[in-house]
Amino acid sequence: MEKPITRFIGCDLGDKHSELCVVDEAGDVVQELRVRTTPAGLTKALRAVGQGRVIIEVCGLSRWVEELAVGLGHEVVVANARKVQLISKGGHKTDRSDAELLARLGRADVKLLSPVKHRRQNAQVDLIHLRARDMLVQARTMLINHVRGIVRSFGKRVPTCGADYFVRHARPQVPPELVPALDPVLDQIDALTAKIISFDRWAKVRAEHGYPESAQLTQVPGVGPIVALAFMLTIDKKERFAQSRTVGAFLGLTPRRHQSGARDPELRISKAGDGFVRRLLVTSAQCILRPAAQDSDLRRWGLALASRGRKAAKNKAVTAVARKLAVLLHRLWVTGEKYQPLGYSSSQTQAA
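Residues numbered from 1 in each chain as written. Predicted model: local features only at pLDDT ≥ 70, side-chain atom pairs only at ≥ 80, totals over all residues. Heavy atoms only, no water.

**With respect to the overall build of the protein chain**
Put simply, the test is: Put simply, DSSP H or I for four residues or longer makes a helix, DSSP E for two residues or longer makes a strand, and each gets a number counted from the N terminus. Whether a residue is buried, partly exposed or exposed follows from its accessible area with a 1.4 Å probe, protein chains only, as a fraction of its type maximum: under 20%, in between, or over 50%, in that order. It only takes one pair of heavy atoms within 4.5 Å for two residues to be counted as in contact. The Shrake-Rupley method, run with a 1.4 Å probe, gives the accessible areas here. Residue values count only the displayed protein chains as cover. We treat Lys and Arg as the positive residues and Asp and Glu as the negative residues; His and chain ends play no part in the count. Where a charge lies is defined by one atom per residue type, namely NZ (Lys), CZ (Arg), CG (Asp) and CD (Glu).
If you tally the helices and strands in the protein chain, you get 14 helices and 5 strands. Along the first, second and third principal axes, the C-alpha atoms of the protein chain reach 70 × 55 × 50 Å. Relative to its full complement of 352 residues, the protein chain shows a buried share of 39%. Sequence separation of 24 or more characterises 56% of the internal contacts of the protein chain that already satisfy a separation of 6 or more. Just so you have it, the protein chain exposes about 19700 Å², and 52% of that area is on carbon and sulfur atoms. Computing the positive centroid from 56 side-chain charges and the negative centroid from 34, the protein chain places the two 7 Å apart.

**Some points on the packing of aromatic side chains**
The criterion, for reference: Two aromatic rings from Phe, Tyr or Trp, using only the six-membered ring of Trp, form a pair when their centres are within 6.5 Å; if the ring planes differ by under 30 degrees the pair is stacked, by over 60 it is edge-to-face, and anything between is tilted. Comment: the charge-over-ring label is applied if NZ (Lys) or CZ (Arg) is within 6 Å of the ring centre and within 35 degrees of the ring normal.
Taken as a whole and assessed by the stated rule, the structure comprises 2 aromatic pairs. K324 extends its terminal NZ or CZ atom over the ring of W301, reaching a point 4.7 Å from the ring centre.

**Considerations on helix α5 (residues 121–153)**
The cut-off we apply is this: An expected span of 1.5 Å times one less than the residue number is assigned to each helix.
Look at α5: 48 Å from first C-alpha to last across 33 residues, which is about the 48 Å you get at 1.5 Å a residue. Among all positions of α5, only A123, D126, L127, L130, R133, D134, L136, R140, I144, V147 and V151 are buried. Turning to α5, the residues buried within the fold contact α6 (166–170), α7 (179–210), α9 (225–235) and α11 (275–289). In the stretch just after α5, G155 is the one whose phi turns positive, near 85°.

**Thoughts on the sheet that holds strand β2 (residues 17–24)**
Just so we agree on the cut-off: Here, strands pair whenever DSSP counts at least two bridges between them. Each axis is a line fitted through C-alpha atoms, and for a helix only the stretch in contact is used; angles between axes span 0 to 180 degrees, taken between their N-to-C directions.
Judged by pairing direction, the sheet is mixed, and its 5 strands sit side by side in the order β3-β2-β1-β4-β5 without closing on themselves. Each having just a single partner strand, β3 (29–36) and β5 (75–79) make up the two edges of the open sheet. Here the strands of the sheet are splayed against their neighbours by 20° on average, with no regard to which way each runs. Summarising the sheet, β2 and β3 pair through 7 bridges and their orientation is antiparallel. Opposite E19, over in β3, you have R34 as the bridge partner.

**Structural notes on the side chain of E19**
Definition in use: Any pair of N or O atoms that falls within 3.5 Å is considered a polar contact. Within protein, one atom must be able to donate a hydrogen and the other to accept it, and sequence-neighbouring residues count only if both atoms are side-chain atoms.
You can see E19 is positioned in strand β2. You can call E19 buried: its relative accessible area is 10%. A distance of 3.4 Å separates polar atoms of two side chains, one belonging to E19 and the other to R34. Not counting residues within four places of it along the chain, the set of residues in contact with E19 comprises G10, C11, D12, L33, R34, D95, R96 and A99.

**Section: the packing of α9 against helix α13 (residues 311–335)**
Worth spelling out the cut-off: Here the word oblique covers every angle except those under 35 degrees (roughly parallel), over 145 (roughly antiparallel) and from 65 to 115 (roughly perpendicular). Residue classes follow a fixed rule: Ala, Val, Leu, Ile, Met, Phe, Trp, Tyr, Cys and Pro count as nonpolar, while Asp, Glu, Lys and Arg count as charged, and any other residue, Gly among them, counts as polar.
It is at 11 Å that the axes of α9 and α13 come closest, and there the two elements cross at 75°. In terms of their interaxial angle, α9 and α13 are classed as roughly perpendicular. Along its contact with α9, which presents F231, M232 and I235, the element α13 presents A326, L329, H330 and W333. Across the contact of α9 with α13, the residue classes tally to 6 nonpolar, 1 polar and no charged.

**Quick word on the pattern of salt bridges**
Pairing between side chains of opposite charge can happen when the charged atoms of each approach one another. Filter applied, for reference: By definition, a salt bridge exists where a carboxyl oxygen of Asp or Glu is found within 4 Å of a side-chain nitrogen of Lys or Arg.
As enumerated under the stated definition, the model contains 16 salt bridges in all. R104 is the salt-bridge partner of E100, the closest N and O atoms lying 3.0 Å from each other. With E100 and R104 both in helix α4 (residues 95–108) and 4 residues apart, the pair spans about one turn of that helix. Exposure remark for R104: the relative accessible area of 30% places this residue in the partly exposed category. Of the charged contacts, one joins R171 and D187 as a salt bridge, the two residues approaching to 2.8 Å between their closest N and O atoms.

**Quick word on the packing of helix α1 (residues 39–48) against helix α2 (residues 62–71)**
The following threshold applies: By definition, any crossing whose near helix is turned counterclockwise from its far helix by less than a right angle is left-handed, and any crossing with a clockwise turn is right-handed.
Across the interface, α1 lies against α2 with an axial gap of 10 Å and an inter-helix angle of 40°. Between α1 and α2, the angle falls in the class oblique. Seen from above, α1 lies across α2 with right-handed handedness. Contact with α1, carried on its side by P39, L42, T43 and L46, involves W64, V65, L68 and A69 of α2 and no other residues of that element. Residue composition of the contact of α1 with α2, grouped by class: 7 nonpolar, 1 polar and no charged.

**Observations concerning α9**
Of all 11 residues in α9, 10 are buried; the element is thus mostly enclosed. The set of residues buried in α9 consists of I226, V227, A228, L229, A230, F231, M232, L233, T234 and I235. Buried residues belonging to α9 abut α5, α7, α8 (214–217), α10 (247–250), α11 and α13. Downstream of α9 by a residue or two, D236 has a phi angle that is positive, lying close to 75°.

**Let's talk about the environment of K111**
Note on placement: K111 falls in the loop between α4 and α5. Overall, the relative accessible area of 71% leaves K111 in the exposed class. Taking the C-alpha atoms as reference points, K111 and C59, separated by 52 residues in sequence, lie 19 Å from one another.

Here is the structure:
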């Protein structure tokens, strides 16, 4: 029989110092500490307070703190920061009060914290590779926009082209007086492109050898190894969701709800969950809806939504296709079915 938990330890993590608040089973605060956010500092504090349930918010520090606390014999709950923020909104907020709130929520009902699970370490490392590539892509986009804007202000224009070929098309359009200023920028764009291509090769090899099930996802046009890997690494385990349709909500692609009585307004998507994967799915949805894309049931459905209005309707259609794409990818991952662009039964993508 498991020993009942009698100590609830809220831990508000900070970059340099962390606040700990210990609440007993009666709900009384029995101890408060301020410690350095280091392995040595937290180890000493967590040993001193005695074993119990440690409650922390998910953040950049939470992974190693969880591992440390579990190693010391504590039960650890990693709280969803968005949920705790909604509960803790008020006029008096301090690190100490946040630690006490975590402890009390951990004592009252763990479900109030919407606990999250950290990814496996190897999955986290692979996801960091993908995020590093994304940062390089964003930096390259910023530099490309800079060059385009400067060249345009001098009466010339860089032809529309893919980012990988931008430098080749841009150099001839740069006025002679701007060469000393823009040549170094173009060199940096070239260097970033080379690094991005290197990451793309890594992703292809990693998907083939480390995540062979990703081939099920890349059957869908507009979904490459980058999107497939990011999706799988974020979900982590396909068994995580009993129903595929809940994946859209997990990734923040479903509308928020604020119902009150007869009032139930149409709101924007929640944007909960991982913004990186959500953005990749939106990009894939845009590829699915582009004029030259392969015909599919998903594309036809999205185009029908887009035809209902102007720009706003098109934007909603892209988001809707991204949500449906997330459901489809999870369904293919779970079942291992062969994807059929046309005639893929809607019951297969919605039944689970």
